[in-house]
Amino acid sequence: MTVLVAYASALGSTREIAQHIASRMAAALGEVECRSVEEVEAVSGYEAVVVGSAIHNQAWLPPALLFFNHHARELAKRPAWAFSVGMADALPKPFRRRGAALQQKRLAEVLIKEVPLRGHKIFSGVYKAGQMPAPLRKLFRLTGGRFGDLRDWAAVDEWTDQITDQLAKPASSTSSGSITG
Ligand SMILES: Cc1cc2nc3c(=O)[nH]c(=O)nc-3n(C[C@H](O)[C@H](O)[C@H](O)COP(=O)(O)O)c2cc1C
């Protein structure tokens, strides 16, 4: 089985998550290719696809949206999953879960219109102080916000293993068209 893990990343954290997913899947499934969305010409040669993008301004990066839109018809013919990398875990604690849930819902609604995904997952990425306008940083910290590498690799592994399990099972025992976390 050849699986594609495609990503769009502005500063590298989404690329590293995609590479991690690809190498973990490869250990279980065999051939897995990890490419930036801009490098992929066609998805018809892959049996399953995982697509991830950094979130900027509450949306996927333009190359990821373009990829999703351009390949929607072929993506719909095979098992496909999506993940989004944002900064929900950087928010003050009381807002983290709610922030992630709102973002999960908003992004999934946009994506599912194009492709009947088997799942969409939000991960936290890397959020550095320099990414926030200086006047807001102090207030952000004072209210419980934080900066740093907030990637939860155990959560990435857990999600990857769920996908691997589905792909390892016969097609009849898996479902499609639902969005789950
Ligand atoms: C200009 C800009 C806008 C961002 N907008 C959002 C956003 O709307 N929601 C969010 O959760 N994270 C947002 N982030 C945080 C990034 O998604 C996060 O830092 C992620 O790890 C970036 O992935 P990358 O390293 O692959 O580019 C933004 C970051 C930047 C630089």
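For the structure itself, consult the block above.
Residues numbered from 1 in each chain as written. Predicted model: local features only at pLDDT ≥ 70, side-chain atom pairs only at ≥ 80, totals over all residues. Heavy atoms only, no water.

## Structural notes on unusual backbone geometry
Phi is positive for N57, close to 50°, though the residue is something other than glycine. Mapped onto the fold, N57 is located in the loop between β3 (48-56) and β4 (59-60). The exposure class of N57 is exposed, given its relative accessible area of 76%. Non-glycine residue Q58 carries a positive phi angle of around 65°. (Helix = DSSP H or I, 4+ residues; strand = E, 2+ residues; numbered from the N terminus. Buried < 20%, exposed > 50% of the residue type's maximum accessible area, 1.4 Å probe, protein only.)

## What about the environment of G130?
If you trace the backbone, G130 turns up in the loop between β7 (126-127) and α5 (134-142). Spatially, the C-alpha atom of G130 lies 35 Å from that of E41, the residues being 89 residues apart in sequence.

## Describing the pattern of salt bridges
Tallied over the entire structure, the rule returns eight salt bridges. For the salt bridge of E33 with R35, the shortest nitrogen-to-oxygen distance reads 3.0 Å. Accessibility expressed as a relative area gives 18% for E33, which makes it buried. By relative accessible area, which is 29% here, R35 ends up partly exposed. R151 is the salt-bridge partner of D149, the closest N and O atoms lying 2.8 Å from each other. A relative accessible area of 14% means that R151 is categorised as buried. A cluster of three or more residues bridged by salt bridges with shared partners is formed by E16, D149 and R151. (Salt bridge = Lys/Arg side-chain N within 4 Å of Asp/Glu carboxyl O.)

## Considering the side chain of R151
Looking at the secondary structure, you find R151 in the loop between β8 (148-149) and α6 (153-168). Of note is the side chain of R151, whose polar atom sits 2.7 Å from the side chain of E16. A polar contact is formed between the side chain of R151 and the side chain of D149, at a distance of 2.8 Å. Excluding residues that lie within four positions of it along the chain, R151 makes contacts with S13, E16, I17, S124, G125 and V126. (Polar contact = N/O pair within 3.5 Å; in protein donor to acceptor, adjacent residues only side chain to side chain. Contact = heavy atoms within 4.5 Å.)

## Section: the nonpolar core
In this structure, L4, V43, V51, W60, F67 and F68 are the most contacted members of the largest nonpolar core, which totals 25 residues. Residue assignment for this core shows that the elements contributing at least two residues are β1 (3-8), β3, α2 (62-70), α3 (72-75), β5 (80-86) and α4 (93-112). Looking at this core element by element, the count peaks at four residues for β3. The residues touching L4, leaving out its near neighbours within four places in the chain, are E33, R35, V40, V43, Y46, A48, V49, V50 and F67. Judged by nonpolar contacts, the second largest core, of 20 residues, contains V5, A22, V85 and I163. (Core = buried A, V, L, I, M, F, W, Y, C linked by side-chain atoms within 4.5 Å.)

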